Amino acid sequence: MPSRTLPVPDGLDGMRVDAALARMLGFSRTQAAELAEDGRVMLGGVAVGKSDRLTAGSWLDVDIPEVRRPEAELRLTPVEGLGIVYDDDDLVIVDKPAGVAAHPSVGWTGPTVVGALAAAGYRIATSGAQERQGIVSRLDVGTSGLMVVAKSEVAYSRLKRAFKDRTPLKVYHALAQGHVDPMKGTIDAPIGRHPGSEWKFAVLDGGRHAVSHYEVIEMLPGASLCEVHIETGRTHQIRVHFTALRHPLVGDLTYGADPTTAATVGLNHQWLHAVRLGFDHPVTGDWLEVTSNYAPDLQRALDILREGSKAAG
């Protein structure tokens, strides 16, 4: 991944980050905004947002992902287990299985939500970066559950604004290793790219603001089932926050989960599921809320632990 250090010239003094980067790099403003939203733009070692203002004479460090051709990467392939929870002229809410990416990305050759919807003939908004068209909020490849994709341009614009303003309801269930104490709390810790790994994130000074509220809803042998409400939507946020608590999610070997526990419950990815999603419909204004049942492998993992609890009792 190329990295560039760029001086801010006098002519760009006071300009927004996305507009300035677009001029300096020859990118579209949308592409420049995506770099900032992904935490790839740093000023003095601190991540900056797309709407932050720049000062002439300062220096920006920018991580630039490899240029890809989305047409070649978009695989128009039906995805087994992908459910349609809600569908109208403006948006579609899908129930994504683990093992499926939201959209094409560097290094990923597997199935995507965008590719599956396109294969099924769904119209998808063309706003946003080309490989992420229609995607309003993302789920990690190994996370299952609810996510929304915009079909109309007005829906995309209004939903993106709503998610930026943190008005939607986003509720996850996460199975954390060990017994989380206290059983209810808020994790307010900034997240940035892991200094030792290109693909991981960590709680870091100077990272992007990130807030997760959690409550333990069931204690199991060696694990805690938690309900998590997230205010922000940083990449890997719940996984990173629980790792910072020294309670990585069961099955999340990337962030230090116990492989023995993962093998015992038969998981090869993190136990994390987006169970509830609610927001004002971008066109009608009506409140729209949907729920999702656990994926079969997640339910099976819980059943195994619950059986262990009965045997111990």
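Placed above this text is the structure.
A brief report on the enclosed structure follows. Throughout, a residue's number is its position along its own chain's written sequence, starting from 1. The predicted nature of this model means local features are confined to residues of pLDDT at least 70 and side-chain atom pairs, given and counted, to a pLDDT of 80 or more, with totals for whole chains, interfaces and linings taken over all residues. Here the side-chain values reflect all heavy atoms present in the structure, with hydrogen atoms and water set aside.

1. Comments concerning the sheet that holds strand β4 (residues 59-63)
Reasoning step 1: The strand order across the open sheet built from 4 strands is β1-β4-β2-β3, with neighbouring strands paired in antiparallel fashion. Looking at the sheet topology across the chains shown, the edges are occupied by β1 (3-7) and β3 (46-47).
Reasoning step 2: Sheet analysis places strand β2 (residues 41-43) next to β4, joined by 3 bridges and oriented antiparallel. Bridge pairing links methionine 42 to aspartate 61 in β4.
Reasoning step 3: Should any heavy atoms of two residues lie within 4.5 Å, those residues are counted as being in contact. Each axis is a line fitted through C-alpha atoms, taken for helices only over the stretch in contact, and angles between the N-to-C directions span 0 to 180 degrees. Helix and strand assignments come from DSSP, with helices taken as H or I runs of at least 4 residues and strands as E runs of at least 2, each series counted from the N terminus. The sheet strands contacting helix α1 (residues 17-25) are β1, β2 and β4, and the helix crosses β1 at an angle near 105°. A pair of strands counts as paired when DSSP detects no fewer than two bridges linking them.

2. Structural notes on the pattern of salt bridges
Reasoning step 1: Salt bridges are defined by distance alone: a side-chain nitrogen of Lys or Arg within 4 Å of a carboxyl oxygen of Asp or Glu. Scanning all chains against the criterion turns up 10 salt bridges.
Reasoning step 2: Between arginine 239 and aspartate 140 there is a salt bridge, with its nearest N and O atoms 3.1 Å apart. Separated by 99 residues along the polypeptide, arginine 239 in helix α6 (residues 237-244) and aspartate 140 in the loop between α4 (113-119) and β7 (144-150) bring together distant segments of the chain.
Reasoning step 3: In this structure arginine 239 comes out as buried when scored by relative accessible area, which is 6%. Burial status follows relative accessibility: with a 1.4 Å probe on protein chains alone, a residue under 20% of its type maximum counts as buried, one over 50% as exposed, and anything between as partly exposed.

3. Considering helix α2 (residues 29-37)
Reasoning step 1: Inspection of α2 places Ala32, Ala33, Glu34, Leu35 and Ala36 among the buried residues, and these make up the whole buried set.
Reasoning step 2: Summarising the contacts, the buried residues of α2 are in contact with α1, β2 and β4.
Reasoning step 3: Note on α2: the residue one or two positions beyond its end, glycine 39, has a positive phi of about 75°.

4. Thoughts on α1
Reasoning step 1: Burial of α1 is extensive: 7 of the 9 residues sit out of reach of the surface.
Reasoning step 2: Considered for burial, the residues of α1 that qualify are Val17, Asp18, Ala19, Ala20, Leu21, Ala22 and Leu25.
Reasoning step 3: On its buried side, α1 packs onto β1, α2, β2 and β4.
Reasoning step 4: Glycine 26 sits one or two residues past α1 and shows a positive phi near 75°.

5. Description of the packing of α1 against α2
Reasoning step 1: Close contact between α1 and α2 brings their axes to 8 Å; oriented N to C, the two are set at 115°. Judged by the twist between their axes, the crossing of α1 over α2 is right-handed. Seen from α1, the contacting residues are Val17, Asp18, Ala19, Leu21, Ala22 and Leu25; seen from α2, they are Arg29, Ala32, Ala33, Leu35 and Ala36.
Reasoning step 2: Here the contact of α1 with α2 is built from residues that sort into 9 nonpolar, no polar and 2 charged. Handedness of a helix crossing follows the sense of rotation of the near helix relative to the far helix, less than a right angle counterclockwise being left-handed and clockwise being right-handed. Put simply, Ala, Val, Leu, Ile, Met, Phe, Trp, Tyr, Cys and Pro go in the nonpolar bin, Asp, Glu, Lys and Arg in the charged bin, and everything else, Gly too, in the polar bin.

6. Here's the deal with the nonpolar core
Reasoning step 1: With 31 residues, the main nonpolar core has Val113, Met147, Val149, Tyr172, Val228, Ile238 and Phe242 as its most contacted residues.
Reasoning step 2: Sorting elements by how many residues they give to this core places α4 first, with 4 residues.
Reasoning step 3: Take the buried Ala, Val, Leu, Ile, Met, Phe, Trp, Tyr and Cys residues and link them wherever side-chain atoms come within 4.5 Å; each set so joined is a nonpolar core. Judged by nonpolar contacts, the second largest core, of 19 residues, contains Ala19, Ala32, Leu60 and Val62.

7. Regarding unusual backbone geometry
Reasoning step 1: The amide bond that connects aspartate 181 to the next residue, proline 182, takes the cis arrangement and shows omega of 10°.
Reasoning step 2: With a phi close to 65°, histidine 236 is a non-glycine residue in the positive phi region.
Reasoning step 3: By secondary structure assignment, the location of histidine 236 is in the loop between β13 (223-230) and α6.
Reasoning step 4: Under the relative-accessibility criterion, histidine 236 is labelled buried at 13%.
Reasoning step 5: Look at arginine 246: it is not a glycine, yet its phi comes out positive at around 70°.
Reasoning step 6: In this fold, arginine 246 is placed in the loop between α6 and α7 (259-265).

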